[in-house]
Amino acid sequence: GTTASPRGATGGGLAFDAARGEMVLLTMDTMQTWTFNGTNWTQRNPATVPSPGLWVFDLAYDPVNQLAVFFCGETTGGTYAYPRETWAWNGTDWKKLAPATVPPANIDYALAYFPERGGLVMHGGWGDPDWRFRTNVWLLTLSAETVPSIRFADIRLAPPGLYPYTFEITYH
(Lines give C-alpha, C1' and ligand atoms only; values in the text may rest on other atoms or scores of the structure.)
Protein backbone atom coordinates (compact mmCIF):
# COMPACT_ATOMS: atom_id res chain seq x y z
CA GLY A 1 0.00 0.00 0.00
CA THR A 2 0.89 3.66 0.05
CA THR A 3 1.64 5.80 3.09
CA ALA A 4 -0.44 8.86 2.21
CA SER A 5 -3.58 9.71 4.13
CA PRO A 6 -7.23 9.20 3.15
CA ARG A 7 -9.37 12.04 1.89
CA GLY A 8 -12.41 12.95 3.96
CA ALA A 9 -14.44 9.89 4.83
CA THR A 10 -17.77 11.30 5.96
CA GLY A 11 -20.40 8.61 5.72
CA GLY A 12 -17.85 5.81 5.82
CA GLY A 13 -16.92 3.46 8.65
CA LEU A 14 -14.01 3.14 11.07
CA ALA A 15 -13.28 0.29 13.49
CA PHE A 16 -10.32 -0.98 15.52
CA ASP A 17 -9.09 -4.37 14.30
CA ALA A 18 -7.69 -5.86 17.52
CA ALA A 19 -6.24 -8.96 15.82
CA ARG A 20 -4.00 -6.82 13.65
CA GLY A 21 -3.62 -3.84 16.03
CA GLU A 22 -4.82 -1.23 13.57
CA MET A 23 -7.76 0.96 12.69
CA VAL A 24 -9.65 0.02 9.51
CA LEU A 25 -11.31 2.78 7.50
CA LEU A 26 -13.69 2.13 4.63
CA THR A 27 -14.42 5.35 2.78
CA MET A 28 -17.84 6.19 1.40
CA ASP A 29 -18.54 6.16 -2.33
CA THR A 30 -15.08 5.03 -3.55
CA MET A 31 -14.94 2.21 -0.98
CA GLN A 32 -11.21 2.62 -0.42
CA THR A 33 -9.77 0.59 2.44
CA TRP A 34 -7.18 2.27 4.67
CA THR A 35 -5.46 1.08 7.83
CA PHE A 36 -3.83 3.18 10.53
CA ASN A 37 -1.21 1.68 12.86
CA GLY A 38 -1.05 4.65 15.24
CA THR A 39 1.61 6.41 13.16
CA ASN A 40 0.94 5.92 9.45
CA TRP A 41 -2.03 5.50 7.14
CA THR A 42 -1.69 2.76 4.52
CA GLN A 43 -4.04 2.40 1.57
CA ARG A 44 -4.84 -1.27 1.13
CA ASN A 45 -5.53 -2.84 -2.24
CA PRO A 46 -7.83 -5.80 -1.61
CA ALA A 47 -8.74 -8.13 -4.48
CA THR A 48 -12.43 -7.71 -3.62
CA VAL A 49 -13.95 -4.31 -2.91
CA PRO A 50 -17.44 -3.62 -1.52
CA SER A 51 -19.94 -2.26 -4.01
CA PRO A 52 -18.91 1.30 -4.97
CA GLY A 53 -21.22 4.21 -4.37
CA LEU A 54 -22.31 3.35 -0.81
CA TRP A 55 -22.48 5.68 2.16
CA VAL A 56 -24.09 6.17 5.57
CA PHE A 57 -22.96 2.82 6.91
CA ASP A 58 -21.15 1.77 10.06
CA LEU A 59 -18.23 -0.57 10.56
CA ALA A 60 -17.71 -2.67 13.72
CA TYR A 61 -15.22 -5.31 14.79
CA ASP A 62 -16.17 -8.86 15.75
CA PRO A 63 -13.30 -10.02 18.03
CA VAL A 64 -14.39 -13.67 18.09
CA ASN A 65 -14.14 -14.04 14.31
CA GLN A 66 -11.51 -11.28 13.90
CA LEU A 67 -13.53 -9.52 11.21
CA ALA A 68 -14.54 -5.91 10.65
CA VAL A 69 -18.14 -6.01 9.41
CA PHE A 70 -20.51 -3.50 7.86
CA PHE A 71 -24.12 -3.51 6.77
CA CYS A 72 -24.48 -0.91 4.08
CA GLY A 73 -26.79 2.03 4.04
CA GLU A 74 -27.58 4.12 1.00
CA THR A 75 -26.19 4.61 -2.51
CA THR A 76 -24.70 7.96 -3.50
CA GLY A 77 -25.50 10.01 -6.57
CA GLY A 78 -29.13 10.78 -5.81
CA THR A 79 -30.48 7.32 -6.67
CA TYR A 80 -31.52 6.61 -3.07
CA ALA A 81 -31.25 2.84 -3.27
CA TYR A 82 -30.67 0.73 -0.16
CA PRO A 83 -28.85 -2.46 -1.20
CA ARG A 84 -28.80 -4.12 2.26
CA GLU A 85 -25.38 -5.71 1.71
CA THR A 86 -23.19 -7.14 4.47
CA TRP A 87 -19.40 -7.24 4.05
CA ALA A 88 -16.53 -8.54 6.22
CA TRP A 89 -12.83 -7.48 6.24
CA ASN A 90 -10.32 -10.15 7.35
CA GLY A 91 -7.24 -7.92 7.31
CA THR A 92 -6.44 -8.72 3.68
CA ASP A 93 -9.64 -8.78 1.66
CA TRP A 94 -13.37 -8.01 1.75
CA LYS A 95 -15.97 -10.76 1.42
CA LYS A 96 -19.63 -10.16 0.66
CA LEU A 97 -21.74 -12.21 3.05
CA ALA A 98 -25.14 -13.55 2.09
CA PRO A 99 -27.46 -13.84 5.07
CA ALA A 100 -30.85 -15.45 4.57
CA THR A 101 -32.48 -12.60 6.49
CA VAL A 102 -31.28 -9.01 6.76
CA PRO A 103 -32.55 -5.90 8.52
CA PRO A 104 -34.72 -3.50 6.55
CA ALA A 105 -33.04 -0.75 4.53
CA ASN A 106 -31.37 1.39 7.16
CA ILE A 107 -29.02 4.37 7.51
CA ASP A 108 -27.52 6.26 10.45
CA TYR A 109 -27.69 3.27 12.79
CA ALA A 110 -25.25 2.24 15.53
CA LEU A 111 -23.28 -1.00 15.24
CA ALA A 112 -21.10 -2.47 18.01
CA TYR A 113 -19.93 -5.83 19.33
CA PHE A 114 -22.01 -7.06 22.27
CA PRO A 115 -20.13 -9.87 24.09
CA GLU A 116 -23.14 -10.94 26.16
CA ARG A 117 -25.02 -11.74 22.94
CA GLY A 118 -22.00 -13.10 21.07
CA GLY A 119 -22.31 -10.84 18.05
CA LEU A 120 -22.70 -7.40 16.57
CA VAL A 121 -25.74 -5.41 17.61
CA MET A 122 -27.32 -2.87 15.26
CA HIS A 123 -29.81 -0.38 16.64
CA GLY A 124 -31.68 2.68 15.47
CA GLY A 125 -31.41 4.50 12.20
CA TRP A 126 -34.16 5.01 9.67
CA GLY A 127 -34.89 4.13 6.07
CA ASP A 128 -37.34 2.96 3.45
CA PRO A 129 -40.27 2.63 3.26
CA ASP A 130 -41.56 4.94 6.00
CA TRP A 131 -38.50 6.97 7.11
CA ARG A 132 -39.41 6.61 10.76
CA PHE A 133 -36.81 6.04 13.47
CA ARG A 134 -36.26 2.32 13.84
CA THR A 135 -36.59 0.80 17.30
CA ASN A 136 -35.51 -2.67 16.16
CA VAL A 137 -32.34 -4.14 17.55
CA TRP A 138 -30.64 -6.65 15.26
CA LEU A 139 -28.06 -9.21 16.34
CA LEU A 140 -25.53 -10.38 13.76
CA THR A 141 -23.66 -13.56 14.58
CA LEU A 142 -20.95 -15.09 12.43
CA SER A 143 -19.81 -18.69 12.49
CA ALA A 144 -16.16 -19.58 12.86
CA GLU A 145 -16.15 -21.47 9.56
CA THR A 146 -13.55 -20.84 6.86
CA VAL A 147 -16.28 -19.18 4.81
CA PRO A 148 -18.30 -17.26 7.40
CA SER A 149 -22.00 -17.82 7.48
CA ILE A 150 -24.20 -15.12 8.89
CA ARG A 151 -27.44 -14.90 10.81
CA PHE A 152 -29.36 -11.77 11.69
CA ALA A 153 -31.84 -11.96 14.52
CA ASP A 154 -34.50 -9.33 15.08
CA ILE A 155 -34.41 -8.62 18.81
CA ARG A 156 -37.67 -7.15 20.02
CA LEU A 157 -38.21 -5.41 23.32
CA ALA A 158 -40.04 -7.58 25.81
CA PRO A 159 -41.95 -6.17 27.50
CA PRO A 160 -42.06 -2.66 26.00
CA GLY A 161 -40.40 0.05 28.03
CA LEU A 162 -37.69 -2.06 29.67
CA TYR A 163 -35.06 -1.40 27.03
CA PRO A 164 -32.14 -2.08 27.26
CA TYR A 165 -32.46 -4.64 30.02
CA THR A 166 -34.69 -7.41 28.67
CA PHE A 167 -34.79 -8.82 25.16
CA GLU A 168 -36.90 -11.46 23.50
CA ILE A 169 -34.94 -12.94 20.61
CA THR A 170 -36.59 -14.36 17.53
CA TYR A 171 -34.27 -15.90 14.94
CA HIS A 172 -35.24 -15.66 11.28
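Notes on the structure follow. Model, not experiment: these values are computed from the prediction.

## Some remarks on the environment of G73
Working step 1: Mapped onto the fold, G73 is located in the loop between β7 (67-71) and β8 (74-75).
Working step 2: With relative accessibility at 1%, the residue G73 sits in the buried group.
Working step 3: Each residue touching G73, except ones within four places of it in the same chain, is listed here: W55, V56, F57, A81, Y82, P83, N106 and I107.

## Here we look at the side chain of T33
Working step 1: Within the secondary structure, T33 is located in strand β3 (residues 33-36).
Working step 2: Within the structure, the side chain of T33 is placed 2.7 Å from the side chain of W94, a separation counted as a polar contact.
Working step 3: If near-sequence neighbours (up to four positions away) are discounted, T33 is found in contact with V24, L25, L26, T42, Q43, R44, P46, W89 and W94.

## Focus: a nonpolar patch on the surface
Working step 1: Residues W126, W131 and F133 make up a contiguous nonpolar surface patch of about 330 Å² in total accessible area.
Working step 2: Its relative accessible area of 53% is what places F133 among the exposed residues.

## Section: the side chain of E85
Working step 1: Mapped onto the elements of the fold, E85 is located in the loop between β8 and β9 (86-89).
Working step 2: Given the relative accessible area of 12%, E85 is considered buried.
Working step 3: A distance of 2.9 Å separates a polar atom in the side chain of E85 from a polar atom in the side chain of W87.
Working step 4: Discounting chain neighbours no more than four positions away, the residues touching E85 are S51, L54, F70, F71, C72 and K96.

## Topic: the pairing of β7
Working step 1: Of all the five residues making up β7, five are buried; the element is thus mostly covered by neighbouring parts of the structure.
Working step 2: Burial of the side chains of β7 extends over both faces: L67, V69 and F71 are buried on one face and A68 and F70 on the other.
Working step 3: When β7 meets β9, the two strands line up antiparallel, connected through four bridges. Paired with A68 across the two strands is W89, which belongs to β9.

## A look at the sheet that holds β7
In sheet architecture, strand pairing relies on hydrogen bonds along the backbone and comes in two forms, parallel and antiparallel.
Working step 1: A sheet is described by the order of its strands in space; here four strands give the open sequence β6-β7-β9-β10, paired in antiparallel fashion. Among the strands making up the open sheet, the edge pair consists of β6 (58-62) and β10 (94-97). Averaged over all pairs of adjacent strands, the angle between strand axes in this sheet comes to 25 degrees, irrespective of strand direction.
Working step 2: Judged from the four bridges that link them, β9 and β10 form a sheet pairing that is antiparallel. When the bridges of β10 are listed, T86 appears paired with L97.

## What about the pairing of β3?
Working step 1: As paired elements, strand β2 (residues 22-26) and β3 share four bridges and run antiparallel to each other. Looking at the pairing, M23 lines up with F36 of β3.
Working step 2: From the end of β2 to the start of β3, which pair antiparallel, there are six residues, and D29 there has a positive phi angle of about 65 degrees.

## Some words on the packing of aromatic side chains
Working step 1: Taken as a whole and judged by the stated rule, the model has four aromatic pairs.
Working step 2: Where F36 meets W41, the ring centres are 4.9 Å apart and the plane angle is 40 degrees; that geometry is what we call tilted.
Working step 3: A residue is classified by how much of its surface remains accessible, and F36, at 23% relative accessible area, is partly exposed.
Working step 4: Ring geometry for W89 against W94: centres 5.3 Å apart, planes inclined by 45 degrees, an arrangement best described as tilted. The pair formed by W89 and W94 is uniform in burial state, with each residue classed as buried.
Working step 5: Three or more aromatic residues link up through ring pairs in this structure, and these residues are F70, W89 and W94.

Reading the values: the criteria
- Residues numbered from 1 in each chain as written.
- Predicted model: local features only at pLDDT ≥ 70, side-chain atom pairs only at ≥ 80, totals over all residues.
- Heavy atoms only, no water.
- Helix = DSSP H or I, 4+ residues; strand = E, 2+ residues; numbered from the N terminus.
- Buried < 20%, exposed > 50% of the residue type's maximum accessible area, 1.4 Å probe, protein only.
- Contact = heavy atoms within 4.5 Å.
- Polar contact = N/O pair within 3.5 Å; in protein donor to acceptor, adjacent residues only side chain to side chain.
- Patch = residues over 30% accessible without salt bridge, like charges linked within 9 Å, V, L, I, M, F, W, Y side chains within 5 Å.
- Areas by Shrake-Rupley, 256 points an atom, 1.4 Å probe, with all protein chains shown as cover.
- Salt bridge = Lys/Arg side-chain N within 4 Å of Asp/Glu carboxyl O.
- Pairing = 2+ DSSP bridges.
- Axes fitted to C-alpha atoms, helices over the stretch in contact; angles between N-to-C directions.
- Phe/Tyr/Trp six-rings, centres within 6.5 Å; stacked < 30°, edge-to-face > 60°.

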